Amino acid sequence: MEFFVHIDGERLKVKVENGRCLVEGEEVDVAIAPGNGTPVRSASAGGRSLRVRPRRKGKGDWRLDVEGTQYRALVLDPGQEAIRKARQAAGVSSGPAPLRAPMPGMVVRIEVAEGDEVDAGDGVVIVEAMKMENELRAPAPARVRSIAVEEGMAVDKDQVLVEFEPLEADAEAGSSEAEAGAEEREAT
Amino acid sequence: MIQSVLIANRGEIAVRIIRACRELGLRSVAVYSEADRQSPHVLLADEAHLVGPAPSAESYLKVERLLAVAREAEVDAVHPGYGFLAERAHFARAVEEAGLVFVGPTAETIEAMGDKTEARRRMQEAGVPIVPGTVEPLRDPEAALEEARRMGLPVLLKAAAGGGGKGMRVVASEEELPRALEAARREAKGAFGDDAVYLERYLDRPRHIEIQLLGDTHGSVIHLGERECSIQRRHQKLVEEAPSAVLTPEEREEMGAAAVRAAQAVSYRGAGTVEFLYQDGDFFFLEMNTRIQVEHPVTEMVTGVDLVQEQLRVAGGAPLSLTQEEVTWTGHSIECRITSELPEEGFLPSTGRIGYLETPSGPGVRWDGGIGQGFEVGLHYDPLLGKLIVHAPDREQAVARMSRALAELTVDGVETCRDFHRRVMAESDFRTGDLSIRYLEEHPALLAEEEPGAEGRDPRTAAALAALLEAERRRRLTPPRIGKEGEGRALSPWQTATRPWAGRG
């Protein structure tokens, strides 16, 4: 099997065949022992014994804890990789992602109004959970399209709080790599 | 002497107290909410009683219910732990009025120290240095502005009834003050039911150093040295250690003596802590906590004194088991609080069921935990899952030991702040002991995931591992076929079930 692995800002071509592993055409001595029912896997790399804790967050979207070091790896087969490339080339953009509640809680204050321009890092909504106020910030520059909640409202995890639209200048620009990945995971 | 103790708490501190009871031969009676039926403290205690539904206001904070259980279980004493009712004078009073021993100081002491303006006044009287600040609580933005100008910015807004960082705000400019005052009062009201806040001068780069005290009913008060808890986020401690990397023996003696004076000023009984801000050899009283602290284990590790057992002994009327001269300090201890929060995402709380838990062990390692496999981490309670504590001959070895232990800690099912602690242990200012309570502001990179290209990263190996895992997953999910790939018919699961080799690629 052949994959394109997006990791640490790189794209590496990895071929897995009869227990052998080629990274960018170069053989690497890496193996993983069969699981034993725990989330911890024993692996080896070039004679080193590694403790690996893999978690799969979505299609091809892996989180690896290798001896305590964290990696995010998007593992795509050639077909998925071609789709991803085509989308990027076409500049497909879904617009800025809406702000969602990261945990269940209560909306304490809304710091923006519809039509406001926000910059990355600007406070948007304050949600209280576990008796602590958490200020949720805008991930990127955008304009507030609509506010879906009111102050004092209880919200569930992942509930949409505020929707954004791109600022005029950005409207034609392509989406970032991460967004394209996320979008594809949803679509397939 | 007391024979049996009701533990009016949950989580790791309830486990800690039950362990002390067991070792002293006392009967332990746990209480639990509907969310905690299967919690470690329930499983460990000699007896356990349901006190109500999951929200703490309807269970762990229900005084009448707790006292009813105490009567039913015929206990002699009530240990409040920390948080919940530990520093509520009305609870201490209700326990005593029910004819039971409250494991802690008297209601009057709790009252005096719980009201921060009153505490400051008393400390001033006892000759303990305090940070310049307002003595009266503030409600009016105009008055606050005037006080702030008088003291000089930046200033700190604090809830009069507060603790644990709730209702606290640092204000750097006059424009921020009205909004910060509003937020601090709202948080104070929500957390403590009282929106009184006060202002004090904000030191620019102080360390948080606190002194552990023990007092008995025979008038003895001793100190067990300091803990440094400078690594904090919004005044919530994250990493604690004993001793401090900077305190000289003379300064320790001076601060210890001031803390003992503070305790004697309120006839202190039990375990308590006097918190100070320390900067360039000066120290200022911050507050007194009239309970066992989360970070008490680092003191236990370096002094060899079991603070919870000592609390239970003096509550039963026994004198302290050691004198000031008998207190000695050996080696260095560090504690990391393992919480279900994501530092990489602004300390967002994470919830879920603990599917797998592996706690570190080996020389000099201690795990004080309140979770077990299958445990559901919800949003009803504090996010503290457990505390990882190490002890080693010196600070450098303690840091190395903590790094080693953190790498062994595996919690699956809920996100934790473990990786944050790993980054702290590797950070050079932490390693050299150059700390202040601004540590996290000064090192924002610790609150983010490692950058690509950081030392020790090996994306090629990780990419190979990820590809192997993805290949393994695809093989498992694709029914094996007879004949050449892409042809033939799929085997049914009934056929492959008895053929373990089938489907291995």
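These remarks concern the structure in this document. (Residues numbered from 1 in each chain as written. Chains lettered and ligands numbered in written order. Predicted model: local features only at pLDDT ≥ 70, side-chain atom pairs only at ≥ 80, totals over all residues. Heavy atoms only, no water.)

What to know about the overall build of chain A
Per the secondary structure count, chain A includes two helices and 17 strands. Counting every position in chain A, which comprises 188 residues, the buried fraction comes to 41%. Long-range pairs, those at least 24 residues apart, make up 45% of the contacts in chain A between residues at least 6 apart in sequence. Just so you have it, chain A exposes about 9,500 Å², and 47% of that area is on carbon and sulfur atoms. (Helix = DSSP H or I, 4+ residues; strand = E, 2+ residues; numbered from the N terminus. Buried < 20%, exposed > 50% of the residue type's maximum accessible area, 1.4 Å probe, protein only. Contact = heavy atoms within 4.5 Å. Areas by Shrake-Rupley, 256 points an atom, 1.4 Å probe, with all protein chains shown as cover.)

Focus on the sheet that holds strand β13 (residues 123-129) of chain A
The strand order across the open sheet built from four strands is β14-β13-β11-β16 (chain A), with neighbouring strands paired in antiparallel fashion. If you trace the sheet from one side to the other, it starts and ends with β14 (132-137) and β16 (154-155) of chain A, each paired once. Alignment of β13 of chain A against β14 of chain A, held across six bridges, turns out to be antiparallel. Within β14 of chain A, the residue paired with Ala-129 of chain A across the bridge is Met-132 of chain A. The strands touched by helix α8 (residues 177-192) of chain B are β11 (105-110) and β14 of chain A; relative to β11 of chain A, the strand with the most contacts, the crossing angle is about 160°. (Pairing = 2+ DSSP bridges. Axes fitted to C-alpha atoms, helices over the stretch in contact; angles between N-to-C directions.)

Points about the interface of chain B and chain A
Listed as interface residues are 52 residues of chain B and, on the opposing side, 59 residues of chain A. Between chain B and chain A, the buried area comes to about 4,900 Å², and carbon and sulfur atoms account for 58% of it. Its largest share of buried area at the contact with chain A, chain B owes to Arg-460, Leu-465 and Leu-469 of chain B, together 13% of the area lost on that side. Our count for the contact surface shared by chain B and chain A stands at 14 salt bridges. With its nearest N and O atoms 2.7 Å apart, the salt bridge here joins Arg-179 of chain B to Glu-111 of chain A. For the interface between chain B and chain A, the tally reads 23 residue pairs in polar contact (both at pLDDT 80 or more). The set of elements that each furnish at least two residues to the side of chain B that touches chain A consists of α8, β16 (348-349), β18 (356-358), α12 (395-408), β22 (410-412), α13 (418-426) and α16 (459-477) of chain B. Per-element accounting of the side of chain B that touches chain A gives the leading share, 17 residues, to α16 of chain B. Partitioning the side of chain B that touches chain A into residue classes produces 19 nonpolar, eight polar and 25 charged. (Buried area = accessible area lost by both parts, 1.4 Å probe. Salt bridge = Lys/Arg side-chain N within 4 Å of Asp/Glu carboxyl O. Polar contact = N/O pair within 3.5 Å; in protein donor to acceptor, adjacent residues only side chain to side chain. Nonpolar A, V, L, I, M, F, W, Y, C, P; charged D, E, K, R; others polar.)

Remarks on unusual backbone geometry
Residue and element names in this part refer to chain B. Each neighbour pair has its own omega, and for Ala-242 with Pro-243 the value is -5°, a cis peptide bond. For Pro-243, the position within the fold is in the loop between β11 (236-242) and α9 (249-265). Positive phi is not limited to glycine here, since Phe-84 has a value of about 35°. Judged by relative accessible area, which is 24%, Phe-84 ranks as partly exposed. Located in the positive-phi region is His-235, a residue other than glycine, with phi close to 65°. Mapping His-235 onto the fold places it in the loop between β10 (221-233) and β11.

Some words on the state of the cysteines
Taken as a whole, this structure holds zero disulfides over all chains when the rule is applied. Among the cysteines around Cys-229 of chain B, which has no disulfide bond, Cys-336 of chain B carries the closest sulfur, lying 12 Å off. (Disulfide = S-S within 2.5 Å.)

Let's talk about the packing of aromatic side chains
Residues and elements named next belong to chain B. This model, assessed by the stated rule, comprises five aromatic pairs over all chains. Both rings, one in Tyr-60 and one in Tyr-381, keep their centres 5.6 Å apart while their planes meet at 80°; by these two values the pair is edge-to-face. Within this pair, whereas Tyr-60 is found in the loop between β3 (47-52) and α3 (63-72), its partner Tyr-381 is found in the loop between β20 (376-377) and β21 (384-392), the two being separated by 321 residues in sequence. Like Tyr-60, the residue Tyr-381 is buried in the burial classification. With centroids separated by 6.2 Å and ring planes inclined at 70°, the aromatic side chains of Phe-347 and Phe-420 adopt a geometry described as edge-to-face. Linking Phe-347 in the loop between β15 (341-342) and β16 with Phe-420 in helix α13, this pair joins segments that are 73 residues apart in sequence. Judged by relative accessible area, which is 0%, Phe-420 ranks as buried. One Lys or Arg, Arg-252, reaches over the ring of Trp-329 and ends 5.7 Å from the middle of that ring. (Phe/Tyr/Trp six-rings, centres within 6.5 Å; stacked < 30°, edge-to-face > 60°. Lys NZ or Arg CZ within 6 Å of the ring centre and 35° of its normal.)

Examining the side chain of Asp-419 of chain B
Residue placement: Asp-419 of chain B occurs in helix α13. Excluding anything up to four places from it in sequence, Asp-419 of chain B contacts Gly-68 and Gln-70 of chain A together with Glu-344 of chain B.

Observations concerning the pattern of salt bridges
Residues and elements named next belong to chain B. The tally for this structure, following the rule as stated, stands at 64 salt bridges over all chains. Among the ionic pairs, Arg-93 bridges to Glu-111, the shortest N-O distance being 3.1 Å. Taken as a pair, Arg-93 in helix α4 (residues 89-97) and Glu-111 in helix α5 (residues 107-114) lie far apart in primary sequence, 18 residues in all. By relative accessible area, Glu-111 is classed as partly exposed at 42%. Glu-310 is the partner of Arg-313 in a salt bridge, and the nearest nitrogen-oxygen pair spans 2.7 Å. Note that Arg-313 and Glu-310 are positioned in helix α11 (residues 307-315) at a spacing of three residues, about one turn of the helix.

Quick word on the nonpolar core
All names here are of chain B. Ile-231, Ile-334, Met-425 and Phe-430 are the most contacted members of the largest nonpolar core, which has 34 residues in total. Secondary structure elements with two or more residues in this core: β11, β14 (332-339), β19 (365-369), β21, α12, α13 and α15 (439-442). Sorting elements by how many residues they give to this core places α12 first, with five residues. In this structure Phe-430 touches Ile-231, Val-239, Glu-241, Ile-334, Arg-395, Val-399, Val-424, Met-425, Leu-435 and Tyr-439, once residues within four positions along its chain are discounted. (Core = buried A, V, L, I, M, F, W, Y, C linked by side-chain atoms within 4.5 Å.)

A short note on the sheet that holds strand β6 (residues 155-159) of chain B
Residues and elements named next belong to chain B. Across the sheet, three strands lie side by side as β7-β6-β8; this open sheet has antiparallel pairing. Both edges of this open sheet fall to β7 (169-171) and β8 (197-201), since each of them pairs with a single strand only. Direction aside, neighbouring strands of the sheet carry axes that sit 25° apart on average. As paired elements, β6 and β8 share five bridges and run antiparallel to each other.

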